[in-house]
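# Structural characterization, general
These are the residues of each chain, in order.
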Amino acid sequence: MIGLISATAAGTVARDRLAAAWPGRTVVYEGPVREAVQRAFAECEQLVCFLATGAVVRLLAPLLSDKSSDPGVVCVDEAGRHAVALLGGHGGGANALAGAVGEVLGAAPVVTTATDAAGVPGLDMLGLPVEGDVAGVSRAMLDGAGVELLADAVWPLPPLPSNVSPGAGGAAVLRVTDRIVELGTQAVVLRPASLAVGVGASKGAPVEEVVGLIRDALHEAGLSPLSIAELVTVDAKADEPGIVAAASQLGVPLRTYAAAELARIEVPNPSGAPLAAVGTPSVAEAAALAAGGELLVPKRKSNPVGRAAMATCAVVRRSPRGRLAVVGLGPGARDLLTPRAREELRRASVLVGLDQYVDQIRDLLRPGTTILESGLGAEEERARTAVAEARKGHAVALIGSGDAGVYAMASPALAEAGADIDVVGVPGVTAALAAAAILGAPLGHDHVSISLSDLHTPWEVIERRVRAAAGADIIVTFYNPRSRGRDWQLPKALSILSEHREPATPVGVVRNASRPDESSRVTSLAALDPATVDMMTVVTVGNTATREIAGRMVTPRGYRWQSATTAPAQEGAE
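Reference entry: report on the structure contained in this document.

Definitions and cut-offs
Residues numbered from 1 in each chain as written. Predicted model: local features only at pLDDT ≥ 70, side-chain atom pairs only at ≥ 80, totals over all residues. Heavy atoms only, no water. Helix = DSSP H or I, 4+ residues; strand = E, 2+ residues; numbered from the N terminus. Areas by Shrake-Rupley, 256 points an atom, 1.4 Å probe, with all protein chains shown as cover. Lys, Arg positive; Asp, Glu negative; His and termini not counted. Charge placed at Lys NZ, Arg CZ, Asp CG, Glu CD. Axes fitted to C-alpha atoms, helices over the stretch in contact; angles between N-to-C directions. Parallel < 35°, antiparallel > 145°, perpendicular 65-115°, else oblique. Left-handed = near helix turned anticlockwise from the far one by under 90°. Contact = heavy atoms within 4.5 Å. Nonpolar A, V, L, I, M, F, W, Y, C, P; charged D, E, K, R; others polar. Buried < 20%, exposed > 50% of the residue type's maximum accessible area, 1.4 Å probe, protein only. Arc of directions from axis to C-beta. Salt bridge = Lys/Arg side-chain N within 4 Å of Asp/Glu carboxyl O. Core = buried A, V, L, I, M, F, W, Y, C linked by side-chain atoms within 4.5 Å.

## A few points about the overall build of the protein
In terms of regular secondary structure, the protein is built from 18 helices and 29 strands. Accessible surface for the protein amounts to roughly 26,800 Å². Of this, 53% is attributable to carbon and sulfur atoms. Separation of charge centres in the protein, based on 51 positive and 61 negative side chains, amounts to 1 Å.

## As for the packing of helix H7 (residues 207–220) against helix H8 (residues 241–250)
Two packed helices can be described by the angle between their axes and the distance between those axes. Two elements in contact, H7 and H8, have axes whose closest approach is 8 Å; the angle formed by their N-to-C orientations is 55°. Considered as vectors, H7 and H8 are oriented oblique to each other. For the element pair H7 and H8, the recorded crossing hand is right-handed. Contacts between H7 and H8 involve Val207, Val210, Val211, Ile214 and Arg215 on the former and, on the latter, Gly242, Ala245, Ala246, Gln249 and Leu250. Considering only residue class, the contact of H7 with H8 consists of seven nonpolar, two polar and one charged.

## Observations concerning the environment of Leu414
Topologically, Leu414 is positioned in helix H15 (residues 410–416). The class for Leu414 is partly exposed, based on a relative accessible area of 46%. Each C-alpha atom, one on Leu414 and one on Val424, is 10 Å from the other, the two residues being 10 residues apart in sequence. Dropping the residues within four chain positions of it, Leu414 is found in contact with Val326 and Val423.

## Details of helix H3 (residues 53–60)
Those residues of H3 not exposed but buried are Val56, Leu59 and Leu60. End-on view of H3: buried residues confined to an arc of 90°, all on one side of the axis. If you follow the buried residues of H3, they end up packed against helix H2 (33–43), strand S3 (46–50), strand S4 (72–76) and strand S5 (82–87).

## Looking at the pattern of salt bridges
In the structure shown here, the tally under the stated rule is 20 salt bridges. Ionic pairing is found between Arg362 and Glu373, a salt bridge with its closest N-O pair at 3.4 Å. On the criterion of sequence distance, the pair formed by Arg362 in the loop between helix H13 (355–361) and strand S19 (370–374) and Glu373 in strand S19 is long-range, its members being 11 residues apart. Connected via shared salt-bridge partners are Arg15, Asp16 and Glu30.

## Section: the nonpolar core
If you look at soluble globular proteins, the nonpolar side chains tend to sit buried side by side. If you look at the biggest cluster of nonpolar residues, it comprises 25 residues, and the most contacted ones within it are Val197, Ile214, Ile228 and Leu231. It is H7 that contributes the most residues to this core, seven residues altogether. In contact with Leu231, other than residues within four places in its own chain, are Val197, Val199, Ile214, Ile243, Ala246, Ala247, Leu250, Val252, Pro253, Leu254 and Arg255. Counting 21 residues, the second largest nonpolar core, distinct from the first, contains Trp459, Ala470, Val476 and Val539.

Spatial relationships are all this shows, so hold off on functional conclusions.
As structure tokens, this is what we get:
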């Protein structure tokens with residue numbers, strides 16, 4: 001929860017704007033400011049104080065405990081011009097909060113954390129548990145000193161500066177491993193989620209016995225408990241209190257498998273006891289192997305004093321899984337690039353894309369990002385390259401214009417990708433939607449997008465789809481309508497639509513939607529000159545209900561068409 005505190009009338013107005021924008025996420029603290037700050041600091045994960053930074057510093061000073069547990073604090077000035085990340089920039093999320101506050105209030109976020117200012121990912125913000133001299137290694141990264149990178153495998157990390165690499169030869173060391181290692185000065189270890197722990201337990205097994213067994217097994221194998229990805233067991237033990245509490249104490253999820261599935265897995269140490277109890281000759285080993293990976297710790301039992309063991313465990317190590325984000329950049333305008341797309345671009349250590357699209361977002365990439373760009377006509381090659389890089393364990397972003405799933409890179413990429421990598425789709429504003437917003441409301445009812453390019457789709461198929469849309473009275477947006485080598489497809493498609501629609505049917509033509517040289521016009525089916533259309537143009541043809549009103553295309557949402565002199569229809573749910 002985010003606590004909101006203000007002291008002046010102007011601050012209260014801004015505070016209430018933020019509370020209205022984030023319902024359910026904020027708590028407004030009234031009363032004397034000192035008491036309000038004290039209560040919010042104790043009760044909330046984050047604070048936004050509409051107060052001077054000096055005043056907040058004095059109020060917070062006696063409350064500070066530890067950077068890992070103190071809330072993140074953002075200060076907003078009286079005029080609402082700046083949102084200052086004052087405390088807990090990384091651990092408390094104040095840097096991100098300052099940006100979010102700025103978006104709501106129109107304030108400029110002020111972030112002074114050195115790594116953020118330099119565009120370098122903070123070692124404590126990589127999504128992995130971190131141990132060691134974070135400040136010292138971060139300083140070496142920022143100073144350009146060599147930082148020796150020692151990793152057991154390639155993990156999908158954000159890009160690291162060029163001075164962080166194997167063989168860098170500096171005094172600072174960055175390790176990525178699940179093994180227990182000794183850390184000297186200027187050394188950090190990141191803990192990847194590489195271990196799955198299979199757990200079996202008798203009814204009523206104490207949580208202390210389960211957790212103690214897991215920790216002892218990992219310690220003897222030289223493995224860190226911070227690298228546990230999950231606990232796994234049989235379905236029959238899904239609600240066993242000791243196992244459930246162990247997962248909670250270790251801060252990892254609990255996953256279960258059916259006994260029949262585990263019974264099919266060949267294990268080194270089967271037993272008759274679990275077969276009789278839950279229907280499989282192995283729980284711990286079989287569940288661990290079902291989670292996938294190399295068996296590092298075979299089944300071992302707990303060893304309580306004075307009674308029989310009630311818990312078993314086994315440990316496997318998984319291979320890293322690369323990550324492929326397929327990112328839609330929108331129609332071209334920077335303000336139509338979504339925040340999620342920005343995050344994925346900065347998270348990726350490898351970027352794959354068409355050269356002209358890479359140029360659009362090159363300034364958003366972190367230093368050290370590997371850029372693999374190519375020209376027009378290499379779509380399938382880019383898709384294969386992106387998947388191959390993800391299979392190496394990298395965090396990859398494959399970019400496309402508009403929405404990457406609409407006539408873009410998602411289809412060829414996912415056709416190449418298997419279950420061995422993680423795939424994330426990031427939606428974008430499509431050309432059809434950008435053009436529609438410029439034209440008015442042409443897509444108010446059922447609509448379809450059709451590409452007129454027959455480079456990959458036979459014209460017979462395209463024509464059949466145009467005829468279906470024409471006969472069904474569906475609004476049509478044409479992509480790839482006309483090029484120098486394809487000048488007859490658009491006239492043919494328009495003639496098909498003319499068989500079912502009046503010559504006066506509104507048609508919207510938008511070129512370079514949302515870009516600086518954008519142009520648009522509303523014409524009619526009879527008046528449109530196909531020669532004025534090119535590959536940078538989107539053509540939207542209305543249905544029989546579409547009208548031109550005040551120069552805009554409008555299609556009713558299935559309600560009775562209202563004339564300009566009657567009251568508008570009540571707007572229904574989306």
